[in-house]
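# Summary of structural features
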Amino acid sequence: MATKRPIPALQPLGRRDQRQLEQLEARLTTVDAAALTPEPAPAWLAPALQQLLECTHLTICRPLRVGHDSWSVGEASSTDADFVRAYDAALRQGHYPFHYNLLQPEPAQRNQVYRLAELHSHAAGTRCSVEETLAQCGVPDHDQLRVLICDGPILLAWVGGFRQTPFEEREKALLAALVPALQRRLSVQRMLLDTNAARLGLPAALDLLGAPAFVARPTGRIAHANVAGRTLFDQDPHGLTARLLSAIDGTHGPSISTPVAAPGLPELFVIVLRDQADGLELRLQRAAAHWKPTRRERDVLRHLAAGDANKEIAVKLACSEANIEHHVTSLLRKARCDGRCRLIARFWALD
């Protein structure tokens, strides 16, 4: 069996808080691929966090840019639909209350829990832009507790709770303790949604990932591997088993591992090895010799092989998603492939 990841013993959390955290983390660790929806988080999570943090309401969203100066809440899961509608209307008017880079949050903003007073300072008797926005949304004089759940530079979800009484260190510690579990769950959910896992089935979805990905038993025995995963297995099967086991028990930091709900089947884990795949640079050299990609196309190919979706690549290379799609199309033509999956397969088969 997998080793249970301990909940950090953060003060001033008591036994009741620890029990609540353990229950929430247990729910977060299991992903049912057949029940995935486009929302940035499972429907049960916002009410559960609202109860845990004793909020008036809680919202989980993934903001989107819809104009030069305007934004949208985007996909959202919330305990207060009226607040989300009002907030979305304010963003679409061009109001920009954020104090961070929305497309690629600064490192100090990623996965860190903040209260409103820790984010904004201003003269007495004046309001900051966030407070003005909260007043427009019907929650004036509310405190805010929020965290930007990120996977590297990519914003997975904005998670924020609101209430009239100030949040205390207890609530901040509770949310901070959940950040690692939230990050793992939302990372896996995003990857599976990007590959249409609910429609394709889990093995087919993993085949579309460039990074080595596996469905494995708790013993490390592999039930399915994608092209990159099979390449690693052929190179070093025993070493790969050790990496899978360390991913399952949480000691292989760059990897993502989560149980998958599969009624009637043995316990299974989805494992994605997010560190740079073995032999990646060598295969990029071979791809350069065979396909003659431009320098930018080679950068795109490196990210494709590492498992990034077009949207992530666009953020990391600081260009538009349409630009990335153009480079991917060019790579498909040069490699004589009829799809992204075939391109990734051919990349890992280069010799």
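Residues numbered from 1 in each chain as written. Predicted model: local features only at pLDDT ≥ 70, side-chain atom pairs only at ≥ 80, totals over all residues. Heavy atoms only, no water.

## Considering the sheet that holds strand E8 (residues 256-259)
Spatial ordering of the open sheet is given by E7-E6-E9-E8, a layout of 4 strands whose pairing is antiparallel. Looking at strand neighbours, the two that pair on one side only are strand E7 (222-225) and E8, the edges of this open sheet. When strand polarity is set aside, the average angle formed by the axes of neighbouring strands in this sheet is 20°. As paired strands, strand E6 (residues 213-216) and strand E9 (residues 269-272) are joined by 4 bridges and run antiparallel to one another. Residue Phe214 lies in a different strand from E9, and its bridge partner there is Ile271. Lying on the sheet, helix H9 (residues 227-235) is in contact with E6 and E7; it crosses E7 at an angle near 125°. Helix-sheet contacts for helix H10 (residues 237-248) involve E6, E7, E8 and E9, and the interaxial angle to E9 is about 110°. (Pairing = 2+ DSSP bridges. Helix = DSSP H or I, 4+ residues; strand = E, 2+ residues; numbered from the N terminus. Axes fitted to C-alpha atoms, helices over the stretch in contact; angles between N-to-C directions. Contact = heavy atoms within 4.5 Å.)

## Things to note about the pairing of E7
Side chains on a regular strand alternate between the two faces of the sheet. Of the strand pairs in this sheet, E6 and E7 are connected by 3 bridges, and their pairing is antiparallel. Looking across to E7, one finds that Ala216 is bridged to Ile222. Taking the residues that link successive antiparallel strands as the turn, the E6-E7 hairpin has 5 residues, and the phi of Gly220 there is positive, at about 95°.

## Digging into the nonpolar core
The biggest cluster of nonpolar side chains holds 31 residues, and the ones touching the most others in it are Leu49 and Ile60. Those elements that provide at least two residues to this core are helix H1 (15-28), helix H2 (45-53), strand E1 (57-65), strand E4 (143-151), strand E5 (154-163) and helix H6 (169-194). The biggest single contributor to this core is H6, with 9 residues. Contact partners of Leu49, with chain neighbours within four places excluded, come to Leu24, Leu58, Ile60, Val159 and Leu178. Listed in part, the 25 residues of the second largest apolar core include Val227, Leu284, Leu331 and Leu350. (Core = buried A, V, L, I, M, F, W, Y, C linked by side-chain atoms within 4.5 Å. Buried < 20%, exposed > 50% of the residue type's maximum accessible area, 1.4 Å probe, protein only.)

## Some words on the packing of helix H11 (residues 280-291) against helix H12 (residues 295-305)
Look at H11 against H12: their axes get within 11 Å of each other, and the N-to-C directions meet at 135°. Viewed along their axes, H11 and H12 adopt a mutual orientation that is oblique. For the pair H11 and H12, the crossing hand works out as right-handed. On H12, the residues that touch Leu280, Glu281, Leu284, Gln285, Ala287, Ala288 and Trp291 of H11 are Arg298, Leu301, Arg302 and Ala305. A class-by-class count of the residues in the contact of H11 with H12 yields 7 nonpolar, 1 polar and 3 charged. (Parallel < 35°, antiparallel > 145°, perpendicular 65-115°, else oblique. Left-handed = near helix turned anticlockwise from the far one by under 90°. Nonpolar A, V, L, I, M, F, W, Y, C, P; charged D, E, K, R; others polar.)

## Concerning the packing of aromatic side chains
Aromatic ring pairs are reported here in terms of the distance separating the ring centres and the angle at which the planes meet. Scanning the model with the defined rule gives 3 aromatic pairs in all. Counting every residue linked through ring pairs, the aromatic cluster contains Phe83, Tyr87, Trp158 and Phe162. Here the basic side chain of Arg27 rests over the ring of Trp44, its NZ or CZ set 3.9 Å away from the ring centre. (Phe/Tyr/Trp six-rings, centres within 6.5 Å; stacked < 30°, edge-to-face > 60°. Lys NZ or Arg CZ within 6 Å of the ring centre and 35° of its normal.)

## A look at the side chain of Asn310
With respect to the secondary-structure elements, Asn310 resides in helix H13 (residues 310-316). Given the relative accessible area of 15%, Asn310 is considered buried. If we skip the residues at most four places from it in the chain, Asn310 touches Leu304, Glu321, Ile324, Glu325, Val328 and Arg340.

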